[in-house]
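Listed here are the chains, written in short residue letters.
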Amino acid sequence: MIEYLVLISCIGFLASMVPGPHRKYAAIIGWVFIVAFLFFDLPEYFSESNFLYPIMAALSVPFLVITVRYLLDENNTVMHLTRAAAVAFLIYAPFAYLSVAGNWLILSVVNEVLWLLQIFNYPVHLEAWNIIAQNGYRVEIILACTGIQSIAIMLGVAAAVPTTLRQKISAFLIVAPTIYILNLFRNVFVIMAYTGQWFPYWTEIAGNGEIGYESFFWAHNVIAEMLALVALIIIAFGLFTLIPQLGTFADDLYQLYYGEVIRELDLIRRKWHHQPGAEAAIVQDPGTDEPEPPET
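Presented here is an overview of the structure given in this document. Owing to the predicted nature of the structure, the values given are computational and were not obtained by experimental measurement. (Residues numbered from 1 in each chain as written. Predicted model: local features only at pLDDT ≥ 70, side-chain atom pairs only at ≥ 80, totals over all residues. Heavy atoms only, no water.)

Let's talk about the overall build of the chain
Item 1. Tallying secondary structure elements over the chain gives 12 helices and 3 strands in all.
Item 2. Counting only carbon and sulfur atoms, one obtains 68% of the accessible surface of the chain, whose full area is about 17400 Å². (Helix = DSSP H or I, 4+ residues; strand = E, 2+ residues; numbered from the N terminus. Areas by Shrake-Rupley, 256 points an atom, 1.4 Å probe, with all protein chains shown as cover.)

Observations concerning helix 2 (residues 23-40)
Residues spaced three or four apart along an α-helix face the same direction, because each turn holds 3.6 residues.
Item 1. With 18 residues, helix 2 should reach 26 Å at 1.5 Å per residue; the first-to-last C-alpha distance of 26 Å fits that figure.
Item 2. Listed as buried for helix 2 are Lys24, Ala26, Ala27, Ile28, Gly30, Trp31, Ile34, Val35, Phe37 and Leu38. (Expected span 1.5 Å × (residues − 1). Buried < 20%, exposed > 50% of the residue type's maximum accessible area, 1.4 Å probe, protein only.)

Things to note about the pattern of salt bridges
Item 1. Scanning all chains against the criterion turns up 4 salt bridges.
Item 2. Between Glu74 and Lys24 there is a salt bridge; the shortest N-O distance is 3.5 Å. One end of the pair, Glu74, is in the loop between helix 4 (52-72) and helix 5 (76-97); the other, Lys24, is in helix 2, with 50 residues separating them in the sequence.
Item 3. Of the charged contacts in the structure, one is a salt bridge between Arg69 and Glu260, with a shortest N-O distance of 2.5 Å. With Arg69 in helix 4 and Glu260 in helix 11 (residues 244-273), this pair connects stretches of sequence that are 191 residues apart.
Item 4. Residue Arg69 is classed as partly exposed on the basis of its relative accessible area of 34%.
Item 5. What makes Glu260 buried here is its relative accessible area of 7%. (Salt bridge = Lys/Arg side-chain N within 4 Å of Asp/Glu carboxyl O.)

Looking at the sheet that holds strand 2 (residues 131-134)
Item 1. Taken together, the 3 strands give an open sheet; going across it, the order is 1-2-3, and neighbouring strands pair in antiparallel fashion. Either end of the sheet is taken by a strand with one partner, and the two such strands are strand 1 (125-128) and strand 3 (137-140). Put simply, the sheet's adjacent strands are angled 35 degrees from each other on average, direction ignored.
Item 2. Sheet strands in contact with helix 8 (residues 165-195) are strand 2 and strand 3, and its direction is about 160 degrees off that of strand 3. (Pairing = 2+ DSSP bridges. Axes fitted to C-alpha atoms, helices over the stretch in contact; angles between N-to-C directions. Contact = heavy atoms within 4.5 Å.)

Observations regarding the nonpolar core
Item 1. The biggest cluster of nonpolar side chains holds 78 residues, and the ones touching the most others in it are Trp31, Val113, Leu117, Ile141 and Val175.
Item 2. Per element, the largest residue contribution to this core is 12 residues, and it comes from helix 8.
Item 3. When sequence neighbours within four positions are dropped, the list of residues in contact with Val113 reads Ile132, Leu184, Asn187, Val188 and Ile191. (Core = buried A, V, L, I, M, F, W, Y, C linked by side-chain atoms within 4.5 Å.)

Observations regarding the packing of helix 4 against helix 5
Item 1. Running from N to C, helix 4 and helix 5 point in directions that differ by 115 degrees, and their axes come no closer than 8 Å. The chirality of how helix 4 crosses helix 5 is left-handed. For the pair formed by helix 4 and helix 5, the contact residues are Phe63, Thr67, Tyr70 and Leu71 on the first element and Val78, Met79, Leu81 and Thr82 on the second.
Item 2. Classifying every residue of the contact of helix 4 with helix 5 gives 6 nonpolar, 2 polar and no charged. (Left-handed = near helix turned anticlockwise from the far one by under 90°. Nonpolar A, V, L, I, M, F, W, Y, C, P; charged D, E, K, R; others polar.)

Focus on the packing of aromatic side chains
Item 1. The tally for this structure, following the rule as stated, stands at 12 aromatic pairs.
Item 2. Look at Phe63 and Tyr257: their rings are 5.1 Å apart centre to centre, the planes differ by 20 degrees, and that puts the pair in the stacked class. In this pair, Phe63 sits in helix 4 while Tyr257 sits in helix 11, placing the two residues 194 residues apart along the sequence.
Item 3. Centroid distance Phe189 to Phe199: 6.3 Å. Interplanar angle 55 degrees. Geometry classified as tilted. Of this pair, Phe189 sits in helix 8 while Phe199 sits in the loop between helix 8 and helix 9 (203-206); the two residues are 10 residues apart in sequence, bridging distant segments of the chain.
Item 4. Within the aromatic cluster, the residues linked to one another by ring pairs are Phe13, Trp31, Phe63, Phe89 and Tyr257. (Phe/Tyr/Trp six-rings, centres within 6.5 Å; stacked < 30°, edge-to-face > 60°.)

Some words on the pairing of strand 3
Item 1. Burial along strand 3 is one-sided: Tyr137 and Val139 are buried, and none of Arg138 and Glu140, which face the opposite way, are.
Item 2. Bridge count for strand 2 against strand 3 is 4 bridges, and the pairing is antiparallel. Looking at the pairing, Ala133 lines up with Arg138 of strand 3.

Overview of the packing of helix 1 (residues 2-15) against helix 5
Item 1. In the contact formed by helix 1 and helix 5, the axes pass within 9 Å of each other and the chain directions differ by 135 degrees. As far as their axial angle goes, helix 5 and helix 1 are oblique. Here helix 1 and helix 5 pass one another in a crossing that is left-handed. Contacts between helix 1 and helix 5 pair Glu3, Val6, Leu7, Ser9, Cys10, Phe13 and Leu14 from the former with Thr82, Ala85, Ala86, Phe89, Leu90, Ala93 and Tyr97 from the latter.
Item 2. Here the contact of helix 1 with helix 5 is built from residues that sort into 11 nonpolar, 2 polar and 1 charged. (Parallel < 35°, antiparallel > 145°, perpendicular 65-115°, else oblique.)

Focus on the pairing of strand 1
Item 1. Bridge count between strand 1 and strand 2: 3 bridges; the pairing is antiparallel. Paired with Ala128 across the two strands is Ile131, which belongs to strand 2.
Item 2. Here strand 1 hands over to strand 2 after 2 residues, the two strands then running antiparallel side by side.

So far we have only geometry, and geometry alone does not tell us how the molecule works.
And the structure:
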């Protein structure tokens, strides 16, 4: 089911790149189904005690409402954002839907991670072509562990605005090799931390019932996620330096979405203040100078 949601979203985004009056509707389909994907994937994230993506899913609802509203108005900024998503899907789709390409990428990451672990003199063994094990703990390398999603997203961002051929090549060299190499070290860190049980702390927060899962939680869901976020911010800064139009684009996005959220909150506040009895509820009783002490 989840795979079909992503596929429909991909088709919608790609169709939005074809000129014609259908573009805004195709873009809406793309955004609706990618948000649906986030919600359908929630059980997996909760089973992994991963709360970052559930938060993203919750925030995606107001984002979707605002995006659909501006797509119907054919807003250029939101159409450029949709173009970024379309390019990202165009890069990601071959690895996600062609098993030959996806398995090749996974195998490449497995071999390079094993090579790095040997350099660090950390002994592991392969239980299967993509499962690395040590001390009775096993880590499976899947497509999400290859960094292709982050590479696709950042290259999509770089393609959101018109660029020269030189800028396109430079953007690719800034994004793809950097993320790929950093992701290899991320995998090495997670494997060593989990199989070596570096962080067996706070089971009530990090545990999911599996023995030793706490180390995976802290290494993969917290430390690696935070470092990846920092790395993506630095890479984005490099892209903004290389392509100054991206800075303007990012500022336009911020002003649009932040402005919409502020307007909606202000509208809710105004409606609440004009409800019957609302003013009386917030006006202090003129007969009391000090608040009553709490009852014991």
